[in-house]
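# Secondary and tertiary structure notes
Chain residues, written in single-letter form:
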Amino acid sequence: METKFLAEISNLLEVDISELNKDFYLEKCDNWSSLSIVSTIALIDQYFQVSIPGREIEKCKTFGDLSQLIMSRST
Amino acid sequence: MNVKIPNILIKGVAGAIPKNQLTLSSLGDEFSSNEVNRIISSTGIKSVRVGLNGMTSADLCHSAALNLLSELAIVPQEIDAIIFVSQTPEAVMPATSIMLQHRLGLATTAVAFDINYGCSGYIYGLYQAAMLLNGGGCKKVLLCAGDVITPLLHTDDRHLRMVLGDAGSATLLEKGDNDLHFVLRTDGSGAKHLMVPSTAPNMRQYIQENQISSPNLAVREGYLYMNGSEIMTFALREVPLVIDELLISNEWQRDNVNLFVLHQANQFMLDYLRKKLRVNKEKVPTAVENTGNTGPASIPLTLSLMNEQLKQQSLERVIMCGFGVGLSWGAVSANLTDAKILAPIEL
């Protein structure tokens, strides 16, 4: 996954980029809120040119789920 | 809808805002200060204006209109039509535009219309005004656009309270030499994403059928509800498309456009839209820091807030674009060279 995108997400969630592995629990992250989901929609649109509705992003429990969702839509 | 309306002049634009400011950092006592700071940093909004003591959208638009007519040396009797674009009218009936006709001293021969629109409303108001001028019955049309939305925000809804503010505006259009080219869109399937639900039984059924709720977003009758992520997805998808269509229709290159004045949703959304539009930061002004998102007033208020800066640059090719509740969105290309743009007045 593009490093710039990972850097933006880690900045958004205020976690170290090294923590963003597939098992990273979005649900347990304090900064995974409706605001960060809106930001994530925009970041995905910017880096992958794909529009994923917030309701689908909200279902992602881990960063692995989110990565898989993006990959399934951007191919 | 894609339509060019010829022989229109936008003669002047004025804004009006309440003096009273809600400084968002003060909400740190009420909500978590960490979250408040995160929202401020993302939206770019540090304070919003909140009308007090029963101030209404009509009050703000009335003041903006008086200021504009005075500066343009136009007497109210010269106005043939008044359009009021707002979601916060004076009363359920009669139309607020009719009340403003009397309050502003317009002739009884004037016609008056209300348009119940939000963030896309300024574009629809310009469209209605241009049609009235083009139809031959009117020589001068006054467009008032504004909302006092803050009474519709629930005290617990920190996100909306930290984004939306009150403002009014007035724009004078008359016959002239320029074209206004419009691209307009409507999609009522998205009504559920941004609304003030009423207590009507069929509205309760609509909410139930459309499952309008989520763990973080309460739906409360009589208060504004917004699903921010759906609105973001909608704006990123649709705004660049209507602007591209407008560029093609006008045979304009995006580099030759002097200014893109977009609805001022928040800094964050404007930044992403600008990136999608692939235009320089200087061409997409943001004026949210001390006023927030002011709904139908946001485009004219941005012009009004930037009035000094705009005197230094060409405004021959300007694109304005509004998007939001409805869902409804639209863009217009205009020549604002001869428009007198006034600084906002405070009430």
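Scroll up to find the structure this text is about.
Quick summary incoming for the structure in this document. (Residues numbered from 1 in each chain as written. Chains lettered and ligands numbered in written order. Predicted model: local features only at pLDDT ≥ 70, side-chain atom pairs only at ≥ 80, totals over all residues. Heavy atoms only, no water.)

Assignment of secondary structure puts Gly188(B) in the loop between β8 (178-186) and β9 (194-195). Put simply, Gly188(B) and Arg49(B) are 139 residues apart on the chain and 30 Å apart in space, counted from C-alpha to C-alpha. (Helix = DSSP H or I, 4+ residues; strand = E, 2+ residues; numbered from the N terminus.)

Turning our attention to the interface of chain A and chain B. Listed as interface residues are 21 residues of chain A and, on the opposing side, 15 residues of chain B. With both sides pooled, the region where chain A packs onto chain B buries about 1,500 Å², and carbon together with sulfur makes up 53% of that total. On the surface where chain A and chain B come into contact, there are three salt bridges. The salt bridge partner of Arg55(A) is Glu230(B), with a shortest N-O separation of 2.2 Å. (Contact = heavy atoms within 4.5 Å. Buried area = accessible area lost by both parts, 1.4 Å probe. Salt bridge = Lys/Arg side-chain N within 4 Å of Asp/Glu carboxyl O.)

With that settled, the discussion passes to unusual backbone geometry. Residues and elements named next belong to chain B. Cis geometry marks the peptide bond from Met-93 to Pro-94, where omega comes out at 5°. Structurally, the position occupied by Pro-94 is in the loop between β4 (81-85) and α3 (96-103). Omega for the peptide link from Gly-326 to Leu-327 comes to 0°, which places this bond in the cis form. Its location among the elements puts Leu-327 in the loop between β12 (318-324) and β13 (328-334).

Here we take up the packing of aromatic side chains. Enumeration over the complete set of coordinates arrives at six aromatic pairs over all chains. Here Tyr117(B) and Tyr124(B) contribute two aromatic rings whose centre-to-centre distance is 4.7 Å and whose plane-to-plane angle is 55°, an arrangement assigned as tilted. By relative accessible area, Tyr124(B) is classed as buried at 12%. Residues Phe234(B) and Trp329(B) carry aromatic rings whose centres are separated by 5.1 Å and whose planes lie at 80° to one another, so their mutual orientation is edge-to-face. Separated by 95 residues along the polypeptide, Phe234(B) in helix α7 (residues 228-250) and Trp329(B) in strand β13 bring together distant segments of the chain. For the residue pair Phe234(B) and Trp329(B), the accessibility class agrees, reading buried in each case. An aromatic cluster of at least three residues, connected via ring pairs, comprises Phe5(A), Tyr47(A) and Phe48(A). Stacked on the ring of Tyr25(A), the Lys or Arg Lys28(A) has its end atom at 4.8 Å from the ring centre. Stacked on the ring of Tyr272(B), the Lys or Arg Lys275(B) has its end atom at 4.8 Å from the ring centre. (Phe/Tyr/Trp six-rings, centres within 6.5 Å; stacked < 30°, edge-to-face > 60°. Buried < 20%, exposed > 50% of the residue type's maximum accessible area, 1.4 Å probe, protein only. Lys NZ or Arg CZ within 6 Å of the ring centre and 35° of its normal.)

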